[in-house]
Each structure stands twice: as C-alpha cells, then as structure tokens.
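# Observations on the model geometry
Spelled out from the first residue to the last, the chains are:
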Amino acid sequence: MPKTMTAIDEFAVKLANFVIARRWLVILATLLITVSVASGGRFLSFSNNYRDFFSEFNPELQAFEDFQNTYTKNDNFFFTIVPAKGDVFNTQTLALVEDLTRGAWQIPFSIRVDSPSNFQHTYAEDDDLIVEDLVKGAESLSAEALAAKSEIALTEPLLKNQLVTADGRAIAVNVVVQYPELSQNEVPDTVAYARGLRDEMLAKYPGHEIRMTGVSMLNNAFLEAGMADTTQMIPLMYLLLMVLMAVMVRSVSGTVVTLLMIAFASLIGMGAAGFARVGLTPIALSAPTIILTLAIADAVHILITMRNAMRDGMSKRDAIIEAVRVNFLAVMVTSLTTAIGFLALNFSDAPPFWHLGNISAVGIVAAWAMSVTFLPAMMSLLPMRAPKPKAKTGSNFMGSLADFVVRYNKPLFYGVGAVAIFLVAAMPRIEFNDQWTEYFAPSIEFRQDADFSNDYFGFYPVEFSVQSTGPGGVNEPEFLEKLEEFTVFLRTQPNVTHVYSLADIMKRLNRNMHGDEAGWYRLPDDRELSAQYLLLYELSLPYGLDLNDRVNIDKSATRVTATLSNISTTETKTFLDASRTWIAENAPDYMQTTVPTSAQVMFTYVAERNVSSMIAGNIVAVIAIGLVMMLALKSFKIGALSMIPNAMPILAAFGTWALLVGTVGFSVAAVASVSLGIVVDDTVHFLAKYVRGIREKGYDRAGAIRYAFETVGYALVVNTVVLVIGFAYLATSHFKMNADLGLLTALAISFALIFDFLFLPALLLRGSGKWIEKTNKNDTTGDTDDAQTHAAQ
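Before going into details, it helps to say that this report is about the structure given with it. (Residues numbered from 1 in each chain as written. Predicted model: local features only at pLDDT ≥ 70, side-chain atom pairs only at ≥ 80, totals over all residues. Heavy atoms only, no water.)

## Section: the overall build of the protein chain
Looking only at helices and strands, one finds 24 helices and 14 strands in the protein chain. Referenced to the eigenvectors of the C-alpha coordinate spread, the extents of the protein chain come out at roughly 110 × 50 × 45 Å. The burial tally for the protein chain puts 60% of its 793 residues in the buried class. Relative to all contacts within the protein chain whose residues are 6 or more apart in sequence, the contacts with residues 24 or more apart total 82%. For the protein chain, the accessible surface area stands at approximately 29,800 Å², while carbon and sulfur atoms represent 60% of it. Positive and negative charge centroids in the protein chain, built from 59 and 77 side chains respectively, lie 19 Å apart. (Helix = DSSP H or I, 4+ residues; strand = E, 2+ residues; numbered from the N terminus. Buried < 20%, exposed > 50% of the residue type's maximum accessible area, 1.4 Å probe, protein only. Contact = heavy atoms within 4.5 Å. Areas by Shrake-Rupley, 256 points an atom, 1.4 Å probe, with all protein chains shown as cover. Lys, Arg positive; Asp, Glu negative; His and termini not counted. Charge placed at Lys NZ, Arg CZ, Asp CG, Glu CD.)

Here's what the structure looks like:
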C-alpha cells in the first residue's frame, strides 16, 4: 500500500478489515436481506396486455381508449382456415366454418362472432326484407347452392378480403371478446379454450389448416415469449458465465461466490419489483440476465486484483484488503453510473422500460454492495491457491499496446476520430419499424400463425370514428355521401386490403328495398328513408350481430375500419398522413375531428415517442454521470473530457447498425441510456488508474497511460468479453425488442473498449497531465494491482 492514502482508500481498507473480522455477520446479513427482499417475488404477475407498453399519457392510447369506449373493445381471435386444396366453397370447409362459428360463442368472454356462415345476408321477397345467415346446413348444400353462396360472398364488400379472400382460397372466423380484467389468468385461460376448439375442429374436419391470430393471441404471445426467455435463457446464461468466470478468474471458489452474488442481486431486483406490484413484460423479464451480466464486472476486478496480489507474495487476507482498496472507488463509480443510466429509462413513454430500468438499477446497486462485503467475506473463508510468481519481463501485451498507443497517438487520434465521425454520419439512415407481429421469434406460435395468416388477410386495422352533424346524423344523405367518398379514398390507398363502412350496408339495403334491382345499389337520398332502412335492418339482426360496434348509441358517428397488409412503419405513416390530409381538405367541419386510431397507430408512433421522451432522460443521465466522474476523479476537466469517449461508442454503434441493419424498433430509445451507464465503466477504470499513476506514482502522462494499461487493461478486456457475450446472448431472446437492445448494447460495449484503448490515451496526451495534481510524487511503493501486468499469462 502507498504510504499516504486518500480518504476513500482509508475507508475501503477499514471496510475490508471489518468485513473480514465480522465475516459470518456479513454473510448472515446478506442472506437475511436477500431473503427478505426476494420474498416480494410472490407479488409478481405477468402482463398479457399490449396496452401495458404505453403510458397512460400516451395520446395514441388515449384516442384508442376513447374510440373503444364509444364502440366496443376489439380484443379478438381471428381464425384463418385454408383447405388443403381447392377453394373454401365446398361442403366440408363451410361445415367447418359453420361448426366453428357455433362453438366460438362458447369461448369465455365472447360477445360477438362474425363469419361468412352467419353473415346477415339481406334480400327482397315481395315487399319484405329478408335477413338470414348466408350459410345454413353446409354439408347438405348442392353444387348450385355452393356456387350461389360463393358469388354472394365474393361480391359482398363486407366479406371480400375481410372474411374470405378474393380467390376463395381462405376463409375466416372473427371472435370479439371483452375481458372483465379481474384476473391475470383471463387471457391465457381463454386462449387455451380457443386452441382446444381449434384442435377439435381439426380432428373433426381433417385436410384443413387453422391458424389463430388477433389481439388476444398477441397479448398471450407476450406472456409466452417472457416465459420462454425465463425458462430457457437465464439457466443457460448462468452456465455460460460460470464457464467464462472459471476460465478468466481461474478460481473455483471465486466463480462459485460470484455466481451466488449475482443470483442474490437478481433475486433482490425481482423481489423489489414484486413489492412494487410490477406486471412483468418480456422487456422487464430481461432484467435478471442484464443484472447477472453486469454484476460479474464488479467481481472480476476484485478477484483479479486479489489473485495477482497473492501471486506477488501477499497473504490472502492482505490481498483481499488490497483488492478492495484498489477497486473500491472505480467499482462504486461504475455501479453508480450504470444505475443512473438504467434509472434514466423512467423518462421513457413505455412502462416496461421503467420496470427494466428500476429492476436493473436495484440489482446493480445490490451487486456492488455485495462485491465489497459478501464477496470479500466469502473469499476470506474459502480456499484459494496463490498463482505461482512470475518475473516481470516488461514486455507483456498490455505494455506493448501502451507503447504503441503512445508512439502513434497522433495518427490514432485523427484516424479513430475520423472513423467515429463517419459512423455517426450514418445514423440518419436508421428507420423505425415496429411491425408488432414481428416482435416475436419464429418459435412462438403467434408469430408462425401471423406469418401464415398475412399471406391471405390483412392484419393491421386502422379505425376511424367519423362524426356527423349530431344525433341521428348518420342517416343524413350529405353525411353518407361524404362517408362514401372517404371509403372510396381509403380503398384506393396502397396496402389497404379491406374497408368496412356503413355506406356499403346502406347501399345494399337501398337495393334490397327496391326489389334487388342493381341500379338501386346506391345511397338513399332521403334522411327518413335511411333511418327506416337502418331501423328495419337492426330489428332483423340476431343477438350479438347488431350494429353497436359500427354506429354509436345516438347515431351521431359511425366506425370505418381500414385493414392494412403486413407493411412497415414508414408505409403506415404514409397511409395515416394521407388519410389526415384527405379529411382536412375534403371533409366538412363536423367531420374534422375524425382521427385514425388502433393498436397499429399506437405502435407506429411508439418509437418516435420513446426517442423524444428519452432525450430528456439521456440529458439528465449525461449530466449526472459527468458530475459523478468529476467528483470521483477530483477534476472538472478530466471528468468533462471523459464524456467524449463515453458518447462516441454509442453513436458509433448506432451508425454501424444503420449501415448493417437499417431498421430498429422502439427498443432503440433505451439503448442510449443503458449503454451510457455501461460504457462509462471502462473509462472510469482506465482514468482511475491514469489519475492514480500521476498523483501517487509521479508518472508523466505517457507513464500514467502505460500504468493504466498494465494495471487494469486485462480486467477491462475480461469485463468487455463478459458484457458483450451477456448482452449479445439477449439476441436469442424470443422477443425482438430484447434482441435488438442486447445486440446494440453489445456493439456499443465493444466500441467502448476500442475507443478507451486507442482514442482515450491519445486524447489524454493532449494536456491532461496539467490538470492533475501530483499528491505524492516520490512515493512509488504501492499498488499491487500493477501485478495485473501478468494476469493474462
């Protein structure tokens, strides 16, 4: 140890002595705290509602909630049915549809079932309006009857490309459900029942493919993806990191204690979430993987320092004290800055990122506390063999790298800087794309069924609540004409597969009431006539198939649904902008309040809203981290300078992603904050040793840089390898948001090591030595952490 120590060093030594002297008390206290906090896990629940991805202040969510309060909730099951060969207008397929339609009414919480079989077909018979199911007794239909049903279905605007494809190759049944939202088991239990019904139909009617999509299946997919990650990713991650620790730390006891420490940290994080009554989404469920990845970094520095101190002849007790002293400040600062980065996620517009940030922050702080208490206490108890001493040759790899960086600092400064500028310039190429069917890995059943169904039917509905002049206004001829114009406009837009509009019903009724003459397939020109037609039609509709989901109670507004194909976010925005423009330029004043809404609209803008909201969060995080760096390094200028190599890796990662991938989902909003807190770690450790080299060792700038490389370089490489593997492993997640977050963060961490090894030293050689006071210039006895020079040997 140096003859003089800073106040933080003195505190670290006292803490280490206390921990070793009271090790059983420390271990017991750690276990009690872990068990107490982890007990909150019993309050955890799983989220199975896509609305949980939006805050209550999200304007798109508010608009959609208002829309659904006016009409009905559109949580649904959509059964896509495709026969093995031929079209759907055969007795077996139509019998299947008829049977499934009846059975679907038994699905829990179902309030409406729509299919071609129960479509309320209307026609005139003398002076009467006949309203009846389109298909009855399908198995006994003749070839002529089947042909007639086919012609009706394929010419009916409300069926064609909505519940039966234009080529007759696929047919569908749509079931609307309304959950009371009293239990988290409502969705999975209902999905299980619906799947059972599907299996029953497949067994009864072989030779058909039945796939299930819809909002209910989407909500259940979030649960299935989260559970798959929990049961598959976390155990494999522990095994992978255990192997890495054993290879890099070369200590069985150190590996075991580290695994215990990260397990305790994860339990504490999840237990705290339970006490906060957090509903877990796939994003929040990635927190344990992140915690165990980050927690290892603290243990690595302390264990490597301890091991090398023992190799240089220190007793195990002294080596533990020295390891805590040398790393206490850097580990504390890195944990604090990492926690700040994750806490900044609370600025996001998506609550799952709040939960991810808070759970991770709690786990990270817990891991730091245990790394300077529980870890030393356990290591003082467990056996650890000292490595064989090795003579210092002065020619180790880190020393050679330091010499190279110092010698070629100018070319590296401008060369690496130019590469960074090039990559940053590529960032604008990134496009947001949130196709929520593609949030899930192909192994998830919903993704498979959605991809299958998208080949036949549109998947993304966009809703419009079109306002009229007032109560009963939907019957006004002027309103119906504008409604028809809007409907025609929507049908002409690219990627629109179907439009459901009251205008089509009114034209059909008008034709029916004029003896089914084709020339009368147009809108009624009299309000009273329209009202009578609509009333007569509604009175003829059976239970569950009324128009309440299409016309509001006082008939002052009607719902228009445009269904889009599987298109990108950019294409959806183009459609939404076009519809808003048409309304602004063509609709009368009373229709100007019409706005597009739906889950698709919500997800279309979720990335933009999260990026916008996270700008403030990232600014706060940058300022907070900068202040921590300045205080820790006791230098305003060094602390400010450190933000350059901290920001560059993140920006370079985004630029590289733009060039290699090009698109990203709304998880991009979290990457900057998560990465910022993590990439700071390398900078903190490097600068801490650099400053120590100048203040305690009396080195010049080049000497301090070499000292930093030799004392902490290997540990930084080990940490980077562990972190990159840990976050890259998230790419195996069943949820795309986690995969993107993991890969982007791993890329940023990789760049961080490159910039800290090649750019930061070149930056420090430009005047930083003048900013650091040499507190003990002649004292060169000291840090045994320079023994890490040979850690890689």
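The rest of the description comes next.
## Examining the packing of helix α9 (residues 287-311) against helix α10 (residues 316-343)
The geometry of α9 relative to α10 is characterised by a closest axis approach of 8 Å and an angle of 155° between their N-to-C directions. Of the possible angle classes, the one that applies to α9 and α10 is roughly antiparallel. Handedness of the α9/α10 crossing: right-handed. Residues I290, L294, D298, H301, I302, T305, M306, A309 and M310 of α9 lie in contact with α10, whose contacting residues are K316, A319, I320, A323, V326, N327, V331, T334, S335, T338 and F342. Of the residues in the contact of α9 with α10, the class split is 12 nonpolar, 6 polar and 2 charged. (Axes fitted to C-alpha atoms, helices over the stretch in contact; angles between N-to-C directions. Parallel < 35°, antiparallel > 145°, perpendicular 65-115°, else oblique. Left-handed = near helix turned anticlockwise from the far one by under 90°. Nonpolar A, V, L, I, M, F, W, Y, C, P; charged D, E, K, R; others polar.)

## Overview of the environment of G103
Within the fold, G103 resides in helix α4 (residues 91-104). For the pair G103 and E209, spaced 106 residues apart in sequence, the C-alpha separation works out to 17 Å.

## Thoughts on the sheet that holds strand β11 (residues 496-500)
In spatial order, the strands read β11-β12-β10-β13; together these 4 strands make up an open sheet with antiparallel pairing. Looking at strand neighbours, the two that pair on one side only are β11 and β13 (596-597), the edges of this open sheet. With 4 bridges joining them, β11 and strand β12 (residues 557-564) adopt antiparallel strand pairing. Note on β12: the bridge partner recorded for V499 is A562. In the packing of helix α20 (residues 599-633) onto the sheet, contacts are made with β10 (460-467) and β13, and the angle to β10 comes to roughly 110°. (Pairing = 2+ DSSP bridges.)

## Observations concerning the side chain of S360
Residue position: S360 is located in helix α11 (residues 351-371). Look at S360 and you get buried, because its relative accessible area is 0%. A polar side-chain atom of S360 sits 2.8 Å from the main-chain carbonyl oxygen of L356. Ignoring anything within four residues of it in the chain, the contact list for S360 reads A287, I290, I291 and F342. (Polar contact = N/O pair within 3.5 Å; in protein donor to acceptor, adjacent residues only side chain to side chain.)

## Some remarks on the environment of F432
You can see F432 is positioned in strand β9 (residues 431-432). The spatial distance from the C-alpha of F432 to the C-alpha of G254 is 44 Å, given a sequence separation of 178 residues. For F432, the residues in contact, after removing those within four places along its chain, are T569, T570, A607, E608, V611, V664 and V668.

## Concerning unusual backbone geometry
Positioned with a positive phi, D516 is a non-glycine residue whose angle comes to about 60°. Positionally, D516 belongs in the loop between α17 (502-512) and α18 (527-540). Judged by its relative accessible area of 31%, D516 falls in the partly exposed class. Of note in this structure, K555 is not a glycine but carries a positive phi near 55°. Mapped onto the secondary structure, K555 falls in the loop between α18 and β12. Since its relative accessible area comes to 23%, K555 is described here as partly exposed.

## Section: helix α8 (residues 252-275)
For α8, with 24 residues, the first-to-last C-alpha span of 35 Å sits near the 34 Å given by 1.5 Å per residue. For α8, the tally of buried residues reaches 17 of 24 residues, placing the bulk of the element in the interior. Immediately beyond the C-terminal end of α8, within one or two residues, lies R277, with a positive phi of roughly 55°. (Expected span 1.5 Å × (residues − 1).)

## As for the pattern of salt bridges
Enumeration over the complete set of coordinates arrives at 32 salt bridges. In this structure, E60 and R609 form a salt bridge, with 2.5 Å as the shortest nitrogen-oxygen distance. A residue pair is termed long-range when its members are at least 10 positions apart, and E60 in helix α3 (residues 59-70) and R609 in helix α20 qualify at 549 residues. By relative accessible area, E60 is classed as buried at 14%. R527 is the salt-bridge partner of E476, the closest N and O atoms lying 2.6 Å from each other. Of this pair, E476 sits in the loop between β10 and α16 (477-491) while R527 is found in helix α18, placing the two residues 51 residues apart along the sequence. Among the residues examined, E476 registers a relative accessible area of 25% and is labelled partly exposed. Several salt bridges converge on common partners, so that one network encompasses R195, R198, D199, E224 and E445. (Salt bridge = Lys/Arg side-chain N within 4 Å of Asp/Glu carboxyl O.)

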